Amino acid sequence: MKSKIWVFILIISAVIIGGCGANNSGKEMDHSKMNHEGTEMEEGTKNEMENGHMSHNEPLALNNSTGENELAIPPILEQTDEEGIVYELNAQEGKTEIFDGYETNTYGYNGSFLGPVIRVNRGETVKIRTNNELADGTTFHWHGLEISGEGDGGPHQILKPGDSKTIEFKVNQEASTLWFHPHPEGKTSEQVYKGLAGLLFIEDENSKKLGLPSDYGVNDMPLIFQDRKFDDQKQLNYEKVKNEDGTIGDTLLINGTVNPNLSVNKEKVRLRILNGSNARNYTLKLNTGDTFTQIATDGGFLNNPVTMNEVTLTPSERAEIIVDFSQYNASDDVAIVNEDGVTLLPFRINDENGDLKNMPVDMNDFAVTEEEKNLPVSKKLELAGMGKAVTINGKKFDMDRIDLTQKLGVTEVWEVHNKTDMMGGMIHPFHIHGTQFKIISIDGAEPPENERGWKDTVSIQPGTTIKLAVTFNNKGIYMFHCHVLEHEDNGMMGQVKVE
Ligand code: C2O
Ligand code: CU
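Please read all numbers here as calculations on a predicted model, not as lab measurements. (Residues numbered from 1 in each chain as written. Chains lettered and ligands numbered in written order. Predicted model: local features only at pLDDT ≥ 70, side-chain atom pairs only at ≥ 80, totals over all residues. Heavy atoms only, no water.)

Moving on, we get to the nonpolar core. Nonpolar side chains in soluble globular proteins tend to be buried together. L223, F225, L271, F325 and F347 are the most contacted members of the largest nonpolar core, which has 41 residues in total. Excluding its chain neighbours within four sequence positions, the residues that come into contact with F347 are L262, V264, L271, L286, F325, V334, A335 and I336. Listed in part, the 27 residues of the second largest apolar core include L381, L383, I439 and L468. (Core = buried A, V, L, I, M, F, W, Y, C linked by side-chain atoms within 4.5 Å. Buried < 20%, exposed > 50% of the residue type's maximum accessible area, 1.4 Å probe, protein only. Contact = heavy atoms within 4.5 Å.)

The structure is reproduced here in structure tokens:
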């Protein structure tokens, strides 16, 4: 009897293993690491699961930064000389010397790689002329911006090669670090991978009077984290390294710089961190074990600075943190490391004292109201599957199908569940266009302190259900999707029409 059961188990395992193999197009998987009931997971596998890369056969570790290159700081985009507040952005191809002596074919905005920072103020009416100088269709999506559906730059607003479009919007939200990137259907991951991404800063009365470090490039630093895999010729061969479950690489670029170091004075330095990667999650900490302070989420300041040992960012999430370098000496070895202890960004501490100001205590008045907590759930979404088989509520994205409707200015509670699967599942960073939302709860509990602020992307662990309070302040059609870019491209995306 017992032996029959074993034969049965063996057959079932063979079927399961065979199925996995097929899904991974012949790539080998280490099945000893699979999380079968009763088997011990290896440490690496646990991390792998926490990082949401259970489906990757070999989770690529990142290389240590040697610190040999000074971190590039993206320029602030100047206005054109037209009347009003007008900016111009060109999506273009180029060649970039990321590695000494090699020309890498890349994409960029107004340059060969990545883009400038656009800095706008609340209350302003801003025009941005966008031009597609690529040989491929693209869109200009404003991630985190409250803008009409028409201007949002989702997959409906494709610009053919040579096309231009001017958008106009009133900046109607609080100070925050947003970003922009392309969003053409099925091609987002490739275009972002090749270099299309830039930052959009919103400033307001509050951000200007808080006394936070705000000297751009000196103590107010943008940090765009992106992992890439380069081939022998130091090219970004996306098709070759593409993973349907999220493309990761062994080489970290920060602001496009490989092996970066960052020079700072002995003062408090504000780091505006964007996880601009296609799929990799980062848990960032200081190698010294010292704490730092988080001051902002995706869409604005936290009410009070939150002391942190580490911060985890899934794709498209941002965090603004303050590191106090006045506590160190020039000879100290201080770096940002990840969850594996890999050095991502070593600091060079100058002997100069910077501005020794105190941290503000009260920064914002964000709150999830009792009313919002008591609202019934009116929209339910289930994220499921892996690789090419990802879905939301069992469906794949269809440009011609409106999945949800919501009334302008009305707050609704969205409940989003991340379904576990045979492989344990993975983290899906869930993003909604055109709005900043509030996390009401994560599996019924209040979100951690550093997520009690405006968000446009929320990291959802496998098996977890989150509740969001969502309000749209503009009309139009907006996407909601997983921000693992390959999942988005594979159809883990839907549309909500706001009217
Ligand atoms: Cu960061 Cu649908 O976008
Ligand atoms: Cu996903």
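What follows picks up the thread again.
This paragraph deals with the coordination of the copper ion (ligand 2). Ideal geometry at a metal centre gives angles of 109.5 degrees when four donors are arranged tetrahedrally and 90 or 180 degrees when six donors are arranged octahedrally. Around the copper ion (ligand 2), the protein contributes the donor atoms H428 (ND1), C482 (SG) and H487 (ND1), at 2.0 to 2.1 Å from the metal centre. Here the donor residues of the copper ion (ligand 2) are spaced in sequence according to H-x53-C-x4-H. With a gap of 59 residues between them, H428 in strand β26 (residues 428-432) and H487 in helix α7 (residues 485-489) connect regions that are remote in the sequence. (Donors = N, O, S within 2.8 Å, 3.2 Å for Na, K, Ca; no water. Helix = DSSP H or I, 4+ residues; strand = E, 2+ residues; numbered from the N terminus.)

Moving on: the side chain of Q406. Along the chain, Q406 turns up in strand β24 (residues 404-406). If we skip the residues at most four places from it in the chain, Q406 touches K379, T411, E412, W414, V470, T471, F472, V496, K497, V498 and E499.

For the coordinates displayed, the defined rule picks out 28 salt bridges. The closest approach of N and O atoms between D136 and K187, which form a salt bridge, is 3.1 Å. Pair noted here: D136 is in the loop between β5 (125-132) and β6 (141-143) and K187 is in the loop between β8 (176-181) and α3 (188-193), with a separation of 51 residues, a long-range link. Between K497 and E499 there is a salt bridge; the shortest N-O distance is 4.0 Å. Given the relative accessible area of 46%, E499 is considered partly exposed. (Salt bridge = Lys/Arg side-chain N within 4 Å of Asp/Glu carboxyl O.)

A word on the packing of aromatic side chains. For any pair of aromatic rings, the description consists of the separation of the ring centres together with the inter-plane angle of the planes. A full pass over the atoms with the stated rule returns 14 aromatic pairs. Centroid distance F201 to Y216: 6.1 Å. Interplanar angle 65°. Geometry classified as edge-to-face. Taken together, the positions of F201 in strand β9 (residues 198-203) and Y216 in the loop between α4 (205-209) and β10 (220-228) put the pair 15 residues apart, joining distant regions of the chain. An aromatic cluster is built from W414, F430, F472, Y478 and F480, whose rings are joined through pairwise contacts. Above the plane of the ring of Y193 lies R228, whose end atom (NZ or CZ) is 4.5 Å from the centre. (Phe/Tyr/Trp six-rings, centres within 6.5 Å; stacked < 30°, edge-to-face > 60°. Lys NZ or Arg CZ within 6 Å of the ring centre and 35° of its normal.)

Take a negative patch on the surface next. Together, E68, E97, D100 and E103 give the surface a local cluster of negative charge. Of note, D100 is situated in the loop between β2 (85-96) and β3 (104-109). (Patch = residues over 30% accessible without salt bridge, like charges linked within 9 Å, V, L, I, M, F, W, Y side chains within 5 Å. Areas by Shrake-Rupley, 256 points an atom, 1.4 Å probe, with all protein chains shown as cover. Lys, Arg positive; Asp, Glu negative; His and termini not counted. Charge placed at Lys NZ, Arg CZ, Asp CG, Glu CD.)

Taking strand neighbours across the sheet as the criterion, the five strands line up as β23-β22-β25-β29-β27 in an open arrangement whose pairing is mixed. On the outer flanks of this sheet lie β23 (391-392) and β27 (438-442), each paired with one strand and no other. Two strands pair when backbone bridges link them, and β27 and strand β29 (residues 465-470) are joined in this way by four bridges, in the antiparallel orientation. Bridging across to β29, I439 finds its partner in L468. (Pairing = 2+ DSSP bridges.)

So yeah, pure geometry; function would need other evidence.
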